[in-house]
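Descriptive analysis of the structure
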Amino acid sequence: MTHPDIASELSARVVAAVKAAVDSDISLEQALVRPAAPGRPWDYQSNAAMGLAKRLGMPSRELAGQIADHLDVDDVSEAPRVEGPGFLNFQLRPAWLEARLAWLRDHEHLGVEPATRPHRSVVDYSAPNVAKEMHVGHLRSTIIGDALVRLLRFAGHATIPQNHLGDWGTPFGMLIEHMLDEGWAEGGAGHSIADLNAFYQAARAKFEADPDFGERSRRRVVALHRGDPATLGLWQGLVEESERHFDDVYELLGVLLGRDDIAGESFYNAMLADTVRELEEKGLTVVSDGATCIFPPGFTGRTGEPMPLIVEKSDGAYTYDTTDLAAIRHRICALGADQLLYVVGAPQRLHFELVFAAARMAGWLTDEIDVRHIAFGSVLGEDGKMLRTRAGRPVTLAALLEEAVERAGAVLAERDVPDGADPPALARAIGIGAVKYADLSTDRERDYVFSFDRMLSLDGNTSVYLQYANARARSVLARAGAAPGAGPFTLAEPPERELALKLLQFPATVQDVLSDMRPHKLCTYLFDTAVAFSDFYDRCPVLRAEEEALRASRLGLCELTARVITQGLDLLGIEAPPRL
Ligand code: ARG
């Protein structure tokens, strides 16, 4: 059996009561039903009366009273109470909560039903640049994108991850010339690059200092774009070398991205001319200063000048813009996507707005397609500036992650590691989890300060706190011997009730995160759940509960808590070791 979540269930009843009381139609959203903050003497509240009273020119408290008189919620809640200017407060019936909890426990996906209209969702994320080490700027894209893919899949959507590698364009001329100077054979067999950044920097330095090298580089780009086989072979070697570096980071991070998900800029090369031709044929392009441009209406710069997308430069070269136009066309027309998510930093906002506008003008993007730039802020150092190493360079992702694992090992060394646990595996789960969680638990559009001390703290909203809560719940279950069974729940004490209410909000939280793609809401939810569990655990004896039925019910709460936290962390791409 499927169930709407509690808030939508109550919303439907409020909508019906409004209709019966004052013959007005309001939407489910306008019922404004929200869970109460913990510790309130009610569980859910509706703020519908205030807004509607204004519309109807009625005193809001009186309207709330009339809605309450017509509310049919007897099965779910005690009689609703009207308070303040017209709040409607609901106190759920224990028997109803207990039955719901049993349903949640017996539900394979913890109440999350497969989407009735599943999306085909392209998620563009990670997208580092070839021949450059990944840096913290790519961290957020990789972590957020991976969490979104997991959440979408869990909710029954088809996802197509696309790693839009920066593997094409002008820098490759100088990089390939540098490879030749370094004695790379065709295809680069037998060579490797230990430090991608150093390699890039050396090429760059030569490019700036040596005009002859600069000239060779420019000729080399032309050869690359014309498809000269020897040049392509060298380029391929460089791309593969970079992909090996990316694979190492992805593996350490434990993200789902693989080689099959790579559709880099070069992938669209063969489609660029066609894409531009189609835009020209549709009459959307304008030649400005020799460059072929699109000027989507409504976009102007600071002095009011129209903003272009440059689809072809005066020398015939294509751009980052052209590639993104070809990519959106491919994703819609060839991959058949009806949802497009671009997990890319906030500074590229204008770029994507222009691309989306042009894609609409071209008729590729329609109102049936949900397209969004999933923007995110910067990672700052403890000094509040962009995170840098002491030498002032962007921190490499690999170095950062290795330090996190090392520090997690130090945290573990101060505690007793349970018998049979594998300390390096635990250090990895804790260290990598901490980096991911610190990132995901901040609203993605905000900057955040990267602090190992804070992210590895055992109290506060951290993944370590959640991992310990899960391990604690699992250890109670292990000590109980037998599994909790499938008997009825009994919610006798307030902390049991608070925990039950949180657990029941899991499915609604997953849907809420997917409505605006903000994983921090799942983090907040998991943290609140772990706090409710800790309160329950401190105040309600489980293994020494007075009665057998109560003991079984409390064990059931421990088990559901462990499942919810483990599943929630998994959706964020974070491991939940059963023992810690
Ligand atoms: N490689 C780019 C960068 O590092 C990000 C690409 C994002 N995706 C896209 N379709 N433009 O800034």
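Going by the structure above, here's the rest.
Per chain, residue numbering runs from 1 following the sequence as it is written. Given that this is a predicted model, residues contribute local features only at a pLDDT of at least 70 and side-chain atom pairs are listed and counted only at 80 or more, while totals for whole chains, interfaces and linings are drawn from all residues. Only hydrogens and water are set aside when side-chain values are computed; all heavy atoms of the structure are taken into account.

**Section: the side chain of Asn-470**
Rule in force here: The secondary structure listing takes helices from DSSP runs of H or I that are at least 4 residues long and strands from runs of E that are at least 2 residues long, numbered from the N terminus. We call two N or O atoms a polar contact when they sit within 3.5 Å, provided that within protein one can donate a hydrogen and the other can accept it, with sequence-adjacent residues counted only if both atoms are side-chain atoms. Residue contacts are defined here by distance: any two heavy atoms, one from each residue, within 4.5 Å place the two residues in contact.
Looking at the element boundaries, Asn-470 is found in helix 16 (residues 463–480). A polar contact of 3.0 Å, which involves the side chain of Asn-470, links it to the side chain of Thr-566. Aside from chain neighbours lying at most four places away, what touches Asn-470 is Ala-562, Ile-565, Thr-566, Ala-576, Pro-577 and Pro-578.

**Thoughts on the site of the ligand**
Here is the rule we go by: We call a residue near a molecule or strand whenever a single non-hydrogen atom of that residue lies within 4 Å of it. Each accessible area is a Shrake-Rupley estimate made with a 1.4 Å probe; only the visible protein chains count as cover when residues are assessed. Amino acids are sorted into nonpolar (Ala, Val, Leu, Ile, Met, Phe, Trp, Tyr, Cys and Pro), charged (Asp, Glu, Lys and Arg) and polar (every other residue, Gly among them).
Near the ligand, the surroundings consist of Asp-124, Ala-127, Asn-129, His-138, His-164, Tyr-320, Asp-324, Tyr-342, Val-344, Gln-348 and Phe-352. Asp-124 is positioned with one of its side-chain polar atoms (N or O) 2.8 Å from a nitrogen atom of the ligand. Contact between the ligand and Asn-129: a nitrogen atom at 2.9 Å from a side-chain N or O atom of the residue. Calculation on the ligand without its partners gives an accessible area of 350 Å², and the protein chains cover 86% of this total. Of the residues that constitute the shell around the ligand, the class distribution is five nonpolar, four polar and two charged.

**With respect to the packing of aromatic side chains**
Counted only if it meets this: Any pair of Phe, Tyr and Trp rings, taking the six-membered ring for Trp, is counted once the centres come within 6.5 Å. Such a pair is stacked with planes under 30 degrees apart, edge-to-face with planes over 60 apart, and tilted for the rest. Think of it in three bands: residues with accessible area under 20% of the maximum for their type are buried, residues over 50% are exposed, and the middle band is partly exposed, with areas taken using a 1.4 Å probe on protein chains only. Either the NZ atom of lysine or the CZ atom of arginine qualifies as a charge over a ring when it sits within 6 Å of the ring centre and within 35 degrees of the ring normal.
Overall, the coordinates contain ten aromatic pairs when judged by the stated rule. Aromatic pair Tyr-342 and Phe-356: ring centres 5.5 Å apart, planes at 50°, arrangement tilted. Taken together, the positions of Tyr-342 in strand 10 (residues 339–343) and Phe-356 in helix 12 (residues 349–361) put the pair 14 residues apart, joining distant regions of the chain. Each of the two residues, Tyr-342 as well as Phe-356, counts as buried. Measuring from ring centre to ring centre gives 6.2 Å for Phe-506 and Tyr-525, while their planes differ by 50°; the resulting arrangement is tilted. Here Phe-506, found in helix 18 (residues 506–516), pairs with Tyr-525, found in helix 19 (residues 520–539); they are 19 residues apart in sequence, far enough to count as distant. Accessibility assignment for this pair places Phe-506 and Tyr-525 in one class, buried. Each residue in the set Tyr-342, Phe-352 and Phe-356 is aromatic and connected to the rest through ring pairs, giving one cluster. Here Arg-100 stacks its cationic end above the ring of Trp-103, 5.7 Å away from the centre of that ring.

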